[in-house]
Amino acid sequence: MSLSSSHFIDMCAVSAREMRQLQDKILELENIVFTILDSGKKPSSDDIKKLQDFDLIAQTLGGISGFFEQLNRQVEDDGKANLTQATETITLEKLRQRLTHTGEMIEPKASAGTFEAF
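Residues numbered from 1 in each chain as written. Predicted model: local features only at pLDDT ≥ 70, side-chain atom pairs only at ≥ 80, totals over all residues. Heavy atoms only, no water.

Peer 1: Honestly, the overall build of the protein in this entry has me stumped. Any pointers?
Peer 2: The secondary structure content of the protein amounts to five helices and two strands. Shown N-terminal to C-terminal, the secondary structure of the protein runs as helices and strands in the order α-α-α-β-α-α-β. The buried share of the protein, taken over its 118 residues, is 30%. Within the protein, contacts between residues separated by at least 24 positions form 61% of all contacts whose residues are at least 6 apart in sequence. (Helix = DSSP H or I, 4+ residues; strand = E, 2+ residues; numbered from the N terminus. Buried < 20%, exposed > 50% of the residue type's maximum accessible area, 1.4 Å probe, protein only. Contact = heavy atoms within 4.5 Å.)

Peer 1: Got a minute to help me understand helix α3 (residues 53-78) in this structure?
Peer 2: Because the α-helix completes a turn every 3.6 residues, residues three or four places apart line up on one side. Between its first and last C-alpha atoms α3 spans 37 Å; for 26 residues at 1.5 Å apiece the expected length is 38 Å, and the two agree. When we look at burial in α3, the residues that qualify are I57, T60, G63, I64, G66, F67, F68, L71, Q74 and V75. G79 occupies a position one or two residues after α3 and carries a positive phi of about 80°. (Expected span 1.5 Å × (residues − 1).)

Peer 1: Sorry if this is basic, but what is going on with the packing of aromatic side chains here?
Peer 2: Here a ring pair, both rings aromatic, is described through the centre-centre distance and the interplanar angle of the planes. For the structure on display, the rule yields one aromatic pair. Taking the centre distance of 5.2 Å and the plane angle of 70° together, the rings of F67 and F68 count as edge-to-face. Judged by its relative accessible area of 15%, F68 is buried. (Phe/Tyr/Trp six-rings, centres within 6.5 Å; stacked < 30°, edge-to-face > 60°.)

Peer 1: Any chance you could explain the pattern of salt bridges here in plain terms?
Peer 2: For side chains of opposite charge, pairing can occur when their charged atoms come near one another. Evaluation of the coordinates by the stated rule reveals five salt bridges. R98 is the partner of E18 in a salt bridge, and the nearest nitrogen-oxygen pair spans 2.3 Å. Taken together, the residues E18 in helix α1 (residues 3-39) and R98 in helix α5 (residues 93-100) connect sequence positions 80 residues apart. Note on R98: relative accessible area 33%, which makes it partly exposed. Put simply, K50 and D46 hold a salt bridge, and the shortest N to O gap is 3.3 Å. Note that K50 and D46 are positioned in helix α2 (residues 45-51) at a spacing of four residues, about one turn of the helix. Looking at D46, the relative accessible area reads 41%, which means it is partly exposed. Counted as one network, the salt bridges with shared partners bring together K25, E28 and D53. (Salt bridge = Lys/Arg side-chain N within 4 Å of Asp/Glu carboxyl O.)

Now the structure itself:
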């Protein structure tokens, strides 16, 4: 397996893990919202802190989607993708680091025609 193939596989694994974690967090927040609604009371400060995770989820989803959009543009324009450049607009530093790894170039197979992340 070439370095670029290995790097691509790593990037997909990181992206899939990020999305699974977001899915788990949404399910957790759904339970919190239902508990608040069922109580009929004003949310406590602890409840409000927990609900602030919605903002983190929105930022993470925006970062991941922007990352894949940038990768797609790079491949369409240059025939290769640079992970470091694709993550430059991600505002969440830890997410950027997880997606970047070494910043090696990923080149699709010559016979592939177009680059597809999934």
